[in-house]
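The primary structure of each chain is shown beneath.
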Amino acid sequence: MTRTLCLAQNPDADALLAEDRFALLLGMLLDQQIPMEKAFSGPKVLADRMGGLDVHRIAEADPEAFATTMATPPAVHRFPGSMAKRVQALSQFVVEQYDGDVTRIWAEGDGAAVFKRLKALPGFGDQKAKIFLALLGKQIGVTPDGWREAAGHYGEEGSRRSVADVTDQKSLLEVRDFKKAAKAAAKASS
């Protein structure tokens, strides 16, 4: 079942994210040090530039040529060179470990097992793995037993903490407000 997503806040980019789980995983990888919408638009930009989004093709691409693809204006990411390496490392890992099928990462096991596999992905740490697990559960319908617990606060119903909670423009602004308040609180306590 294809669900409507509003992560890129762009209908074409969001359509790709909704139908292609590799694109969704790449969007999550790209989601650092740039606005969320730009990160989740990145897979569509890559797909347009490469004539499709193919995990095998990215994994096998010449690193310099792929870095150029990432850096061509408008760049896919604020740091296109380092992010090109991360995208290729993730793609290579998915090819080697899951035969190119990202859905195998969450196809079996409970929430803790899925979290562990997500956390093992190149470029994914504890927080990114929890947020992606929450995104899978809240918006994609991937709900293994214990997924909310494994996702921590990001799995809480009704929360507005992360990309997992963005379903439209209004919720995007609520997530931004939450993050701003959390930063201010952290700054005040230090």
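Please read these numbers as outputs of a predicted model, since none were measured by experiment. (Residues numbered from 1 in each chain as written. Predicted model: local features only at pLDDT ≥ 70, side-chain atom pairs only at ≥ 80, totals over all residues. Heavy atoms only, no water.)

**Student:** Give me the lowdown on the side chain of Asp31, citing residues and values where you can.
**Tutor:** The topology assignment puts Asp31 in the loop between helix H2 (21-30) and helix H3 (36-50). Of the side chains with opposite charge, Lys179 comes closest to the buried, unpaired Asp31, at an N-O distance of 5.4 Å. Not counting chain neighbours up to four residues away, the residues in contact with Asp31 comprise Met36, Ala39, Phe40, Lys128 and Val163. (Helix = DSSP H or I, 4+ residues; strand = E, 2+ residues; numbered from the N terminus. Buried < 20%, exposed > 50% of the residue type's maximum accessible area, 1.4 Å probe, protein only. Lys, Arg positive; Asp, Glu negative; His and termini not counted. Salt bridge = Lys/Arg side-chain N within 4 Å of Asp/Glu carboxyl O. Contact = heavy atoms within 4.5 Å.)

**Student:** Quick one: what's the story with unusual backbone geometry, residue by residue and with numbers?
**Tutor:** Excluding glycine, residues mostly have negative phi values, and the peptide bonds linking residues are mostly trans. Of note, the amide linkage connecting Pro73 to Pro74 takes the cis form, showing an omega dihedral of -10 degrees. Along the chain, Pro74 falls in the loop between helix H5 (63-71) and helix H6 (80-98). Phi is positive for Gln9, which is not a glycine, with a value near 60 degrees. When you line up the elements, Gln9 lands in the segment before helix H1 (11-19). Positive phi is not limited to glycine here, since Asp99 has a value of about 55 degrees.

**Student:** Mind laying out the packing of H5 against H6, listing which residues take part and the relevant values?
**Tutor:** Contact geometry for H5 and H6: axes closest at 8 Å, N-to-C directions at 120 degrees. Here H5 lies oblique to H6, going by the angle between them. Between H5 and H6 lies a crossing whose hand is right-handed. Between H5 and H6, the contacting residues are Pro63, Phe66, Ala67, Met70 and Ala71 on the first element and Pro80, Met83, Ala84, Val87 and Gln88 on the second. Residues that form the contact of H5 with H6 fall into these classes: nine nonpolar, one polar and no charged. (Axes fitted to C-alpha atoms, helices over the stretch in contact; angles between N-to-C directions. Parallel < 35°, antiparallel > 145°, perpendicular 65-115°, else oblique. Left-handed = near helix turned anticlockwise from the far one by under 90°. Nonpolar A, V, L, I, M, F, W, Y, C, P; charged D, E, K, R; others polar.)

**Student:** Give a description of the packing of H2 against H3 that names residues and reports values.
**Tutor:** One can describe the packing of H2 onto H3 by two numbers: an axis separation of 7 Å at closest approach and a directional angle of 130 degrees. What the angle tells us is that H2 and H3 run oblique. Where H2 crosses over H3, the two elements pack in a sense that is right-handed. Across from Ala23, Leu24, Leu26, Gly27, Met28 and Leu30 in H2, the residues of H3 making contact are Ala39, Phe40, Gly42, Pro43 and Leu46.

**Student:** Give a description of the environment of Asp62 that names residues and reports values.
**Tutor:** Residue placement: Asp62 occurs in the loop between helix H4 (55-60) and H5. Each C-alpha atom of the pair Asp62 and Gln88 lies 9.7 Å from the other, and the pair is 26 residues apart in sequence.

**Student:** Which residues make up the packing of aromatic side chains, and what values go with them?
**Tutor:** Scanning the entire structure with this criterion turns up three aromatic pairs. Seen in terms of ring centroids, Trp106 and Phe132 are 5.8 Å apart; in terms of plane orientation they differ by 55 degrees. Their pairing is tilted. Placement of Trp106 in the loop between H6 and helix H7 (111-119) and of Phe132 in helix H8 (residues 126-140) is noted, with a sequence separation of 26 residues between them. Across the pair, exposure class does not vary: Trp106 and Phe132 are buried alike. When the ring of Phe124 is compared with that of Phe132, the centres are 6.2 Å apart and the planes differ by 90 degrees; the resulting orientation is edge-to-face. The buried category is assigned to Phe124, whose relative accessible area is 6%. Here a set of aromatic residues connected by ring pairs shows up, and it is made of Trp106, Phe124 and Phe132. (Phe/Tyr/Trp six-rings, centres within 6.5 Å; stacked < 30°, edge-to-face > 60°.)

**Student:** Could you give an account of the environment of Pro144, naming the residues involved and the relevant values?
**Tutor:** On the secondary structure map, Pro144 appears in the loop between H8 and helix H9 (147-150). Since its relative accessible area comes to 12%, Pro144 is described here as buried. Here the alpha-carbon distance between Pro144 and Asp110, two residues 34 residues apart in the chain, equals 5.0 Å. If we ignore the near neighbours within four places in the chain, the residues touching Pro144 are Gly109, Asp110, Gly111 and Val114.

**Student:** Lay out the pattern of salt bridges in plain terms, naming residues and giving numbers.
**Tutor:** All told, the structure shown has nine salt bridges when counted by the stated rule. One salt bridge in this structure joins Asp165 and Lys138, with 2.4 Å as the shortest N-O distance. Separated by 27 residues along the polypeptide, Asp165 in the loop between H9 and helix H10 (169-189) and Lys138 in helix H8 bring together distant segments of the chain. On the basis of relative accessible area, Asp165 is assigned to the buried category, the value being 3%. Under the relative-accessibility criterion, Lys138 is labelled partly exposed at 23%.

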